[in-house]
Amino acid sequence: MAERKPFLLRLPPDLLEELGRWAKDDLRSLSAQIEYVLREAVRWRISDRAMRRKEAAARQASANTGFGRAHGSERPGAPETGREVPHKPDAETREGGE
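Here is a short report on the structure shown in this document. Being a predicted model, the structure only gives us computed values, none of them experimental.

### So, the overall build of the protein
Within the protein, the regular secondary structure consists of 3 helices and 0 strands. From first element to last, N terminus to C terminus, the protein shows the α and β order α-α-α. Across the protein, every contact between residues at least 6 apart in sequence was considered, and the portion connecting residues at least 24 apart equals 8%.

### Description of helix H2 (residues 30–64)
Over its 35 residues, H2 runs 51 Å from end to end, which matches the ideal 51 Å to within 8%, given 1.5 Å per residue. Those residues of H2 that are buried lie in contact with helix H1 (13–25).

### What about the pattern of salt bridges?
In total, this model carries 6 salt bridges according to the counting rule given. Where Arg39 meets Glu35, a salt bridge forms, and the shortest distance between an N and an O atom there is 3.1 Å. Here Arg39 pairs with Glu35, and both are found in helix H2, just 4 residues apart, close to one helical turn. Among the salt bridges present, the one from Arg43 reaches Glu40, with a minimum N-O distance of 2.3 Å. With Arg43 and Glu40 both in helix H2 and 3 residues apart, the pair spans about one turn of that helix. It is possible to trace a salt-bridge network through shared partners that takes in Arg4, Glu35 and Arg39.

### Comments concerning the packing of H1 against H2
Where H1 meets H2, the axes come as close as 9 Å, and the angle between the chain directions of the two elements is 95 degrees. Of the possible angle classes, the one that applies to H1 and H2 is roughly perpendicular. Only Leu30, Gln33, Ile34 and Val37 of H2 make contact with H1, whose side of the interface consists of Leu16, Leu19, Gly20, Trp22 and Ala23. Across the contact of H1 with H2, the residue classes tally to 7 nonpolar, 2 polar and no charged.

### A closer look at the side chain of Gln33
Tracing the chain through its elements places Gln33 in helix H2. Residue Gln33 is classed as buried on the basis of its relative accessible area of 0%. Reaching out from Gln33, the side chain makes a polar contact with the side chain of Arg28 at a distance of 3.1 Å. Look past the residues within four positions of Gln33 in its chain and what remains in contact with it is Leu19, Trp22, Ala23, Asp26 and Arg28.

### A look at the environment of Asp26
Looking at the secondary structure, you find Asp26 in the loop between H1 and H2. A distance of 3.1 Å separates polar atoms of two side chains, one belonging to Asp26 and the other to Arg28. For Asp26, the side chain forms a polar contact with the side chain of Gln33, separated by 3.4 Å.

Conventions used here
- Residues numbered from 1 in each chain as written.
- Predicted model: local features only at pLDDT ≥ 70, side-chain atom pairs only at ≥ 80, totals over all residues.
- Heavy atoms only, no water.
- Helix = DSSP H or I, 4+ residues; strand = E, 2+ residues; numbered from the N terminus.
- Contact = heavy atoms within 4.5 Å.
- Expected span 1.5 Å × (residues − 1).
- Salt bridge = Lys/Arg side-chain N within 4 Å of Asp/Glu carboxyl O.
- Axes fitted to C-alpha atoms, helices over the stretch in contact; angles between N-to-C directions.
- Parallel < 35°, antiparallel > 145°, perpendicular 65-115°, else oblique.
- Nonpolar A, V, L, I, M, F, W, Y, C, P; charged D, E, K, R; others polar.
- Buried < 20%, exposed > 50% of the residue type's maximum accessible area, 1.4 Å probe, protein only.
- Polar contact = N/O pair within 3.5 Å; in protein donor to acceptor, adjacent residues only side chain to side chain.

Put into structure tokens, the structure is as follows:
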């Protein structure tokens, strides 16, 4: 088994009681439950960071195509404000002309 380093952990009494109940429900010792919760939090943080890196890479790739927000528009021909340009039909289309 891996070496464990003991350390003092100060917790509010209500949190300690809740962790104790959770540990009992999961058939773990309080120490094992705290370790489990910490490992899950670290695992989540690592996967969250990896996901954010992938999203940032996708945004960067999108920006490199010339149509991303980095260029101030969502589509070619949109104004630099980033807002959509409303479609205005010409007179012939509105009046049913040819």
